[in-house]
Amino acid sequence: MALDLMQLLPPDWRDAMKPHLDPDTVASLSAFVEGEYAAHPVYPPLRDLFSAFRLCPYDAARVLILGQDPYHKAGQAHGLSFSVRRGVTVPPSLRNVFKELRDDLGVQPPAHGELTGWAEQGVLLLNAVLTVRSGTPTAHAGKGWEHFTDAAIRALDAKDSRVVFVLWGGYARKKAGLVTGAHHVVLEAGHPSPMNPRGFLGSRPFSKIDAALAEAGLAPIRWA
């Protein structure tokens, strides 16, 4: 049976994204993804492919944190941008995210890098490209995932309630033009990678997210 990405999506997200998707592009992407999983080690595991959507229902989504593509080493990616499961070494970019969280809100870095707790509060931890071949960063860029995840961003933009769009790094910041609703907030900063020595640390994104939510009468995120 051929892989159908739309059938793997939770129904609420499927309904919200469908108006923004081209069926032929999705069919081509589905065939490509199926072939890659069959021929190579691909991350995240297929069962975790849409974890971000499953853990953060469409109606509950109020923050988007956009990454580029999944971690490309075994055992790291599990379907949430920047996140790794408990027991996996915290990657350098996420260490910088935790450092900024400490400096911004006084939240001490946890001993693990699993961000499931954020997702369950309405933070969509989405990568622009949702799969990667082992050891080959950006190997699945330009294959249709960008069209698919742009549809998720457009679906969030269509919400009547405020969504805070958090775009870190040049790749993510290119998506700012997809946000057209005047009631939404876009927060941009440099990428948290240690290879980017400035532009992220000191940007205070977490307090800005909470302030934007409070302004719209929405509860803050429990970041700890």
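Bear in mind that the values here come from a model prediction, so they are computed numbers and not experimental data. (Residues numbered from 1 in each chain as written. Predicted model: local features only at pLDDT ≥ 70, side-chain atom pairs only at ≥ 80, totals over all residues. Heavy atoms only, no water.)

Undergrad: Give me the lowdown on the sheet that holds strand β6 (residues 185–189), citing residues and values where you can.
TA: Strand order in the open sheet formed by four strands is β3-β2-β5-β6, and the pairing between neighbours is parallel. The sheet is open, and its two edges are formed by β3 (123–127) and β6, each paired on a single side. Averaged over all pairs of adjacent strands, the angle between strand axes in this sheet comes to 20 degrees, irrespective of strand direction. In terms of strand pairing, strand β2 (residues 63–67) meets strand β5 (residues 164–168) through four bridges, oriented parallel. The residue of β5 that forms the bridge with Val63 is Val164. Seen against the sheet, helix α7 (residues 145–157) touches β2, β3 and β5 and runs at an angle of roughly 155 degrees to β3. Lying on the sheet, helix α9 (residues 205–215) is in contact with β2, β5 and β6; it crosses β5 at an angle near 160 degrees. (Pairing = 2+ DSSP bridges. Helix = DSSP H or I, 4+ residues; strand = E, 2+ residues; numbered from the N terminus. Axes fitted to C-alpha atoms, helices over the stretch in contact; angles between N-to-C directions. Contact = heavy atoms within 4.5 Å.)

Undergrad: Give a detailed account of the environment of Pro44, specifying residues and quantitative values.
TA: With respect to the helices and strands, Pro44 occurs in the loop between β1 (42–43) and α4 (51–55). We classify Pro44 as buried; its relative accessible area is 1%. A sequence separation of 15 residues divides Pro44 from Asp59, and the C-alpha atoms of the two residues are 25 Å apart. (Buried < 20%, exposed > 50% of the residue type's maximum accessible area, 1.4 Å probe, protein only.)

Undergrad: Before we move on, could you go through helix α3 (residues 23–39) and cite the residues and values that matter?
TA: For α3, which comprises 17 residues, the first-to-last C-alpha distance of 24 Å matches the rise-based estimate of 24 Å (1.5 Å per residue) to within 8%. Burial in α3 covers these residues: Val26, Leu29, Ser30, Val33 and Glu36. Down the axis, α3 shows its buried residues gathered within 135 degrees of arc, on one side only. Looking at α3, the residues exposed on the side facing more than 90 degrees away from the buried face are Asp24, Ala38 and Ala39. In the core, the buried residues of α3 are packed alongside α1 (5–8), β1, β4 (132–133) and α7. (Expected span 1.5 Å × (residues − 1). Arc of directions from axis to C-beta.)

Undergrad: Break down the UniProt feature "active site" (unreviewed entry) in the chain for me, citing the residues and quoting the values.
TA: UniProt tags Asp69 as "active site" (unreviewed entry). Inspection of the secondary structure assignment puts Asp69 in the loop between β2 and α5 (92–105). Using a relative accessible area of 17% as the deciding quantity, one classes Asp69 as buried. Asp69 has contacts with Asn127, Val129, Val132, Pro137 and Thr138, leaving out every residue within four places of it along the chain. (UniProt positions renumbered as here; feature names shortened; annotations may be inferred.)

Undergrad: Which residues make up the packing of aromatic side chains, and what values do they have?
TA: This structure, assessed with the given rule, holds 12 aromatic pairs. Measuring from centroid to centroid gives 4.9 Å for Phe206 and Trp223, while their planes differ by 75 degrees, and the two rings are edge-to-face. Separated by 17 residues along the polypeptide, Phe206 in helix α9 and Trp223 in the segment after α9 bring together distant segments of the chain. For the pair Phe206 and Trp223, one class covers both residues: buried. (Phe/Tyr/Trp six-rings, centres within 6.5 Å; stacked < 30°, edge-to-face > 60°.)

Undergrad: Go over the packing of α3 against α7 with me, naming the residues and quoting the values.
TA: Relative to each other, α3 and α7 sit at 125 degrees, their axes nearing to 9 Å. One finds that α3 runs oblique with respect to α7. Seen along the crossing, α3 lies across α7 with a hand that is left-handed. Between α3 and α7, the contacting residues are Thr25, Val26, Leu29 and Val33 on the first element and Trp145, His147 and Phe148 on the second. Of the residues belonging to the contact of α3 with α7, the class tally is five nonpolar, two polar and no charged. (Parallel < 35°, antiparallel > 145°, perpendicular 65-115°, else oblique. Left-handed = near helix turned anticlockwise from the far one by under 90°. Nonpolar A, V, L, I, M, F, W, Y, C, P; charged D, E, K, R; others polar.)

Undergrad: Before we move on, could you go through the nonpolar core and cite the residues and values that matter?
TA: Membership of the largest hydrophobic core comes to 71 residues, with the highest contact counts inside it found for Trp13, Met17, Phe53, Trp118, Trp145 and Phe148. Sorting elements by how many residues they give to this core places α7 first, with seven residues. Sequence-distant contacts of Met17, defined by excluding residues within four places in its chain, comprise Leu9, Phe53, Phe148, Ala151, Ala152 and Ala155. (Core = buried A, V, L, I, M, F, W, Y, C linked by side-chain atoms within 4.5 Å.)

Undergrad: Describe α5, naming the residues involved and giving the relevant values.
TA: Three or four residues apart is the spacing at which side chains of an α-helix point the same way, because the helix has 3.6 residues per turn. Under the 1.5 Å per step criterion, the end-to-end length of α5 is 20 Å for 14 residues, consistent within 8% with the ideal 20 Å. A positive phi of about 75 degrees marks Gly106, the residue just after α5.

Undergrad: Residues and numbers for the environment of Thr136, please.
TA: Tracing the backbone shows Thr136 in the loop between β4 and α7. For Thr136 and Gln108, which are 28 residues apart along the polypeptide, the C-alpha to C-alpha distance reads 33 Å.

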